[in-house]
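# Coordinate inspection notes
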Amino acid sequence: MTDAELLLVFDSTIDPSGIEGWAQHFDSTGTTVTTYRLGGADVMVAQGPGTLLPLPADLPRPRQTARASGGFRLGRRELFPSGTAVTIGSAVVGDGDIAVFAGPCAVENPGQMMSTARAVARHGAVGLRGGAFKPRTTPYSFQGLKWAGLDLLAQAREETGLPILTEVVDPRHVDRMAEVVDGFQIGTRNMQNFELLTEVGRSGMPAVLKRGFGCTVDELLTAAEYILAEGNDQLVLCERGIRTFEGATRFTLDLSAVALLKRRTHLPVMVDPSHSLGIPELIEPLTLAAVAAGADALLIDVHVQPEQALCDGKQALLPEDFARLMSRLEMLSLGVGRRLAPAPAADYSEIHDALTPDVV
Ligand code: PEP
Ligand code: MN
């Protein structure tokens, strides 16, 4: 057995006997085959000596072929060269537009959640972030409102029309959360929680996988395979800063990873400058730099009263700063031939300014 792996992508319209023909061909050369249904295509992974032989000419042509090694297979850009678009409720990530998800680090109470949600909706976010289950570095910090927090997120979606993206920390929560949320976030501390990845993969729900702050780009890509191998291609990878010797910022935002990921994988890439930097003044310049580096989406902490936040208040933008960032981002996006994804609630401010005088 050799390590050589050959990947073949077939249109889903191919006659099953064609796939069977390929399987028989590989079998006859002592080569094992595994087939995945991904992105509306059949992806065959062949491993063994037959992958080194010339491919037979009498079988239906695959749409794409690629060589793989090191356990990085289904995420490879060569399989889907035009990229994968991920749909999180009404928001699309990876279709060319820049999608901004914003909201508080943690869901804290109805007033904070609703007023922050209204603010990010009226300033052009396409999705709402907010943690109900918070994986904190110490057990003595606020751990989130848990299921009650999910109810508040659902109410905020009801009012603003924004889909909700929230962190899942436990594989046993996946099914119950899937009934409420539009997309799962897998946090930096859980990037290699493989049971969680598999469960999220099985759920078929869209997910954002954050890079472990001590993990390499290769480790991120192979962690993503756990989700893809379950047949779930609705996956966004998120750079959120890594640990380096530099202590002036909370983490070091690795923008080279963004440019690299865009070339190595068909999955869209999100950047979370808030958690990377921990300094609100740096969020705008690094958000612009992330888009210039090729990011498809952004995840931004916004809070109506950052000084009262129960979690990560130091890095949250005030709504007016978020508004400014969005207008700078709009200009920058045009400059690099892209545009901000249109917000679902474009006329939201008119509707709600009248109804809710507490809109910030
Ligand atoms: C978050 O986005 O709320 C979060 C906890 O981020 P990270 O996992 O990147 O620290
Ligand atoms: Mn946080």
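See the structure above.
Everything quoted here is computed from the prediction, not taken from an experiment.

### So, the sheet that holds strand 13 (residues 269-271)
Pairing in this closed barrel of eight strands is parallel, and the strands run 7-8-9-10-11-12-13-14 around the ring. Neighbour-to-neighbour, the strand axes of this sheet turn through a mean angle of 25°, independent of strand direction. Contacting strand 7 (99-103) and strand 14 (297-301), helix 10 (residues 319-335) crosses the sheet at an angle of about 175° to strand 7.

### Re the environment of P206
Residue placement: P206 occurs in the loop between helix 5 (194-203) and strand 11 (207-210). Overall, P206 belongs to the buried group, its relative accessible area being 9%. The residues contacting P206, other than those within four sequence positions of it, are V86, T87, I88, D182, G183, F184 and Q234.

### A look at helix 1 (residues 16-28)
An α-helix turns once every 3.6 residues. As a result, residues three or four positions apart point the same way. Taking 1.5 Å of rise per residue, 13 residues should cover 18 Å, and helix 1 covers 18 Å from first to last C-alpha, within 8% of that figure. If you follow the buried residues of helix 1, they end up packed against strand 1 (5-11), strand 2 (32-38) and strand 3 (41-47). G30 lies just past helix 1 and shows a positive phi near 65°.

### A short note on the coordination of the manganese ion (ligand 2)
Bound to the manganese ion (ligand 2) on the protein side are C105 (SG), H275 (NE2) and D312 (OD), at distances that span 1.9 to 2.2 Å. One chain supplies every donor to the manganese ion (ligand 2), and in sequence these donors are spaced C-x169-H-x36-D. Placement of the pair is C105 in the loop between strand 7 and helix 2 (110-122) and D312 in the loop between strand 14 and helix 10, with a sequence separation of 207 residues. With respect to class, C105 is no different from D312; both count as buried.

### A word on the site of ligand 1
Every residue close to ligand 1 is listed here: C105, R129, K134, E167, Q185, G187, T188, R189, K210, R240 and H275. Side-chain polar atom of R129 to an oxygen atom of ligand 1: 2.7 Å apart, as the coordinates give it. At a separation of 2.8 Å, an oxygen atom of ligand 1 approaches a polar side-chain atom of K210. For ligand 1, whose accessible area on its own is 290 Å², the fraction buried by protein is 96%. Grouping the amino acids of the shell around ligand 1 by side-chain chemistry returns one nonpolar, four polar and six charged.

Each value, and the rule that gives it
- Residues numbered from 1 in each chain as written.
- Chains lettered and ligands numbered in written order.
- Predicted model: local features only at pLDDT ≥ 70, side-chain atom pairs only at ≥ 80, totals over all residues.
- Heavy atoms only, no water.
- Pairing = 2+ DSSP bridges.
- Helix = DSSP H or I, 4+ residues; strand = E, 2+ residues; numbered from the N terminus.
- Axes fitted to C-alpha atoms, helices over the stretch in contact; angles between N-to-C directions.
- Contact = heavy atoms within 4.5 Å.
- Buried < 20%, exposed > 50% of the residue type's maximum accessible area, 1.4 Å probe, protein only.
- Expected span 1.5 Å × (residues − 1).
- Donors = N, O, S within 2.8 Å, 3.2 Å for Na, K, Ca; no water.
- Near = heavy atom within 4 Å.
- Polar contact = N/O pair within 3.5 Å; in protein donor to acceptor, adjacent residues only side chain to side chain.
- Areas by Shrake-Rupley, 256 points an atom, 1.4 Å probe, with all protein chains shown as cover.
- Nonpolar A, V, L, I, M, F, W, Y, C, P; charged D, E, K, R; others polar.

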